[in-house]
Each structure stands twice: as C-alpha cells, then as structure tokens.
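What follows is each chain in one-letter form.
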Amino acid sequence: MLLNNRVRKLDFQDLVIFQLIYKHRSATEAAEQLSVSQSTISYCLKRLRDCFDDELFINSRLGMNPTQRAEALSPRIQSILNQMAECAQDDAAFNPNADTSSFTIYAPEYFEILVMPELMKNILEAGCRVSINIKKPEKDLPYADIADGQIDLAIFFGPGFYRTYPGLTTQTLLRDHLLAVQDGEDDPRPLPLNDMLERRHVFPTPWISDSNMVDGWLLSQGRHRTIAARANSYYSAIELLTGTDLLLMLPRRIHERVKRQQPNIGARPVPDGMPDFTLDMVWGAALANSQANIWLRQQLIRACANI
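What counts as what
- Residues numbered from 1 in each chain as written.
- Predicted model: local features only at pLDDT ≥ 70, side-chain atom pairs only at ≥ 80, totals over all residues.
- Heavy atoms only, no water.
- Pairing = 2+ DSSP bridges.
- Helix = DSSP H or I, 4+ residues; strand = E, 2+ residues; numbered from the N terminus.
- Axes fitted to C-alpha atoms, helices over the stretch in contact; angles between N-to-C directions.
- Core = buried A, V, L, I, M, F, W, Y, C linked by side-chain atoms within 4.5 Å.
- Buried < 20%, exposed > 50% of the residue type's maximum accessible area, 1.4 Å probe, protein only.
- Salt bridge = Lys/Arg side-chain N within 4 Å of Asp/Glu carboxyl O.
- Phe/Tyr/Trp six-rings, centres within 6.5 Å; stacked < 30°, edge-to-face > 60°.
- Contact = heavy atoms within 4.5 Å.
- Patch = residues over 30% accessible without salt bridge, like charges linked within 9 Å, V, L, I, M, F, W, Y side chains within 5 Å.
- Areas by Shrake-Rupley, 256 points an atom, 1.4 Å probe, with all protein chains shown as cover.
- Polar contact = N/O pair within 3.5 Å; in protein donor to acceptor, adjacent residues only side chain to side chain.
- Expected span 1.5 Å × (residues − 1).

Just to check I follow, could you spell out the sheet that holds strand E10 (residues 247-251) for this structure?
Across a sheet, paired strands are connected by hydrogen bonds in the backbone, their directions being either parallel or antiparallel. Pairing within the open sheet is mixed, and its five strands lie in the order E9-E8-E10-E7-E11. Edge positions in the open sheet fall to strand E9 (226-231) and strand E11 (265-269), since each of these has one partner strand only. Mean inter-strand twist for the sheet, computed between neighbouring axes without regard to direction, equals 40 degrees. Pairing between strand E7 (residues 178-183) and E11: five bridges, direction antiparallel. By the bridge assignment, Val181 is partnered in E11 with Ala267.

For this particular structure, what's the right way to read the nonpolar core?
Counting residues in each nonpolar core, the largest one holds 59 residues, and the members touching the most others are Ile105, Tyr110, Phe111, Ile155, Met196 and Leu300. For this core, the leading source of residues is helix H6 (residues 109-125), giving eight residues. Within the second largest apolar cluster, 24 residues are counted, among which are Val16, Tyr22, Cys44 and Phe57.

Can you walk me through the pattern of salt bridges in this structure?
Opposite charge on two side chains permits pairing when their charged atoms draw close. Summed over the entire model, instances satisfying the criterion amount to 14 salt bridges. Across the salt bridge formed by Arg253 and Asp176, the nearest N and O atoms sit 3.9 Å from each other. Of this pair, Arg253 sits in helix H11 (residues 252-259) while Asp176 is found in strand E6 (residues 168-176), placing the two residues 77 residues apart along the sequence. A single burial state applies to Arg253 and to Asp176, both of which are buried. A salt bridge links Asp245 to Arg199, with the shortest nitrogen-to-oxygen separation between them at 3.2 Å. Of this pair, Asp245 sits in the loop between helix H10 (234-239) and E10 while Arg199 sits in the loop between helix H8 (193-198) and strand E8 (200-204), and the two are 46 residues apart along the sequence. For Arg199, a relative accessible area of 14% puts it in the buried group. Look at the salt bridges and you will find they share partners, linking Asp176, Arg252, Arg253 and Glu256 into a network.

Please explain the packing of aromatic side chains as it appears in this structure.
For the coordinates displayed, the defined rule picks out eleven aromatic pairs. Between the aromatic rings of Phe18 and Phe57, the centroid separation amounts to 5.3 Å while the plane-to-plane angle is 55 degrees, which identifies the pairing as tilted. A residue pair is termed long-range when its members are at least 10 positions apart, and Phe18 in helix H2 (residues 12-24) and Phe57 in strand E1 (residues 57-60) qualify at 39 residues. Under the relative-accessibility criterion, Phe57 is labelled buried at 1%. Joined through ring pairs, the aromatic side chains of Tyr106, Tyr143, Phe156, Tyr162 and Tyr165 make up one cluster.

Explain the pairing of E1 here, please?
Along any regular strand, the residues point their side chains to alternate faces of the sheet. With four bridges connecting them, E1 and strand E2 (residues 63-66) associate as antiparallel partners. Bridge assignment links Ile58 to a residue of E2, and that residue is Asn65. Linkage of E1 to E2, two consecutive antiparallel strands, is achieved through a turn of two residues.

Explain the side chain of Gln262 here, please?
Structurally, Gln262 is set in the loop between H11 and E11. Residues contacting Gln262, with those up to four places away along its chain left out, are Ile238 and Glu239.

What should I look at first to understand a nonpolar patch on the surface in this one?
There is a patch of nonpolar side chains on the surface, built from Phe12, Ile80 and Met84 and spanning about 270 Å² of accessible area. Here Ile80 is to be found in helix H5 (residues 68-88).

Just to check I follow, could you spell out the environment of Asp176 for this structure?
You can call Asp176 buried: its relative accessible area is 2%. Residues Asp176 and Phe277 lie 101 residues apart in sequence; the distance between their C-alpha atoms is 5.6 Å. Within the local environment of Asp176, its side chain forms a polar contact with the side chain of Tyr110, the two groups lying 2.6 Å apart. Separated by 3.3 Å, the side chain of Asp176 and the backbone nitrogen of Arg253 make a polar contact.

What should I look at first to understand helix H12 (residues 291-305) in this one?
Each full turn of the α-helix corresponds to 3.6 residues, which orients residues three or four apart in the same direction. If you check H12, its first and last C-alpha atoms are 21 Å apart, about what 15 residues at 1.5 Å a residue would give, namely 21 Å. Here H12 has its buried residues at Ala292, Asn293, Trp295, Leu296, Arg297, Gln299, Leu300, Ala303 and Cys304. Elements in contact with the buried residues of H12: strand E3 (102-106), H6, strand E4 (131-135), strand E5 (153-158), E6 and strand E12 (277-284).

Structure (structure tokens):
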C-alpha cells in the first residue's frame, strides 16, 4: 500500500521527536536530548501535526499533554523505532572475553542479594571483560527506557505486579514465596491470619512503593496490616526484629541467606492462601536480536539455575 503524500514527508527524526515529546512532555527536553534547536523541534512538530491532522500535544502548566490521537500513535511509532534499531544492530558475534561492554540492569535488592553474586562469579571465572551496572528502583517502572534499549535488562516481581507495555518481552527466572520472619526460633506451623494482623510489621522497601504484594493480597480480602516501621533494605529491616515482637514478611530465599549470619532470626509459613511470586526478566524489542543482550540473558538464566 502506497503512503500518502503527507506521510512520505516525514523522516526518522520526526518520529524520534514525537516519542521524546511524548515521553518527557516537553519540547525543550526533546531538543536537549537530540542536541538540536527549538526551531527544529517546532518545524518537525508542525510536519507531524499536518501529517496526522491533529494537534498531538497541547501545552499546559504540567507540560505538553498528548491528545487521544497521540496516545494511539505512540506504541506504533515506538514499534517503528524499535525495528529501525534492530536493522542498525551489528550482527557480528559478541565475544565477552574480548569486548569491554557495559550492561545496565534495572533490578531490586532481591536480585542484588541472590542473583548478582552468582552472576559476577560466573563472569569473572570465565574471564569476561564486561561490566554490570545496577540501576536503582524507582517508583515508576521505566517501561519506555527498556523498550528503546536504554536499559539492557530489567528485573521485575511477577506475576501480575507490572503491566504490559508495547515492545517488551518477559521470561520468568525463578519462583519464591514469603515467610513470616521474627525474632526467635523457626516454627513449622503456618501463621494464622488473625495472629499476623494483630502483630505490627516492618515494611522493607526494595521497591520505592507504599505497598507490596502482601498488602495487595490483604486488600483483596478486605483486610489490612499495621506498619510500625519502614526500612530501606531487607538487612536493615531484619535488624529491627531483634528483641521485639515485630513481624517481617520476607522472601524464603532471602531468609535462607540471612540465616547463615543471624541464626536467631526465625521464620514460619505465612497464612494459607498468600500467593507465591516470580522474578521476571524483561527486555525491549530494540535489543531482542542483539548478540550481546542474548549473551547477558543467558548468563542470568544460568545464574538463577545455580541458586
């Protein structure tokens, strides 16, 4: 099907500018990202508006808000940009022992404690020259940065704790479940729900959020718990348990790691019905066929298999 005259006038930069304005809600930010002038942005935006016969972005106090038409166009334009990125990828075989590539992984503390040590051990033993940079969690998951390849891989908790997004592929790395952790010895008996809710809790925040999967499960039953303290990490949360009656809902694999150093921190099964969770690997279409990214995904699968 032939393109109409208005669409043929668009170029690749027009599409990039559209996505940058959509992402940042700012023409100024788009200009800075591309190192072009404001007049260039204005000219491209005019062509986009003429092509699609729509305002696309409307100025407001909060920035340039996308119209309904722009919302519908964004995933399609992102798909085009992803496909162009794939065309530009170098198909040469990736050699981790020769290439000094640096990878960025967006991941929670759970990943850093459990998977990162095994991953780095394997990389170092193999004599690989690559480096791994962990990007700290944010309140809003960086879907767009993953989709366009600015982040090589992301690690999310699943299933169902993050939304679908155009251009993303996911794969489960491992499954885990929570334990009710407290000061004292292990107890094989499941913790009754009413007993759990009578206790005050420590809330660990490996993700920057106000609630987690425990609160979501309780909300589905019309219940809620009382938070006594919020900690910045699993380890600092565990330190608050000593000598108190506080309760901490902690992943089983983290408890096993902590138990080696703090044998007095006991655990018991959580109330019946509380769901398990997965650790999912997420990557963008822009890097789907990259030999380097494929190698990195294989290393994570191998590391998780050895945990």
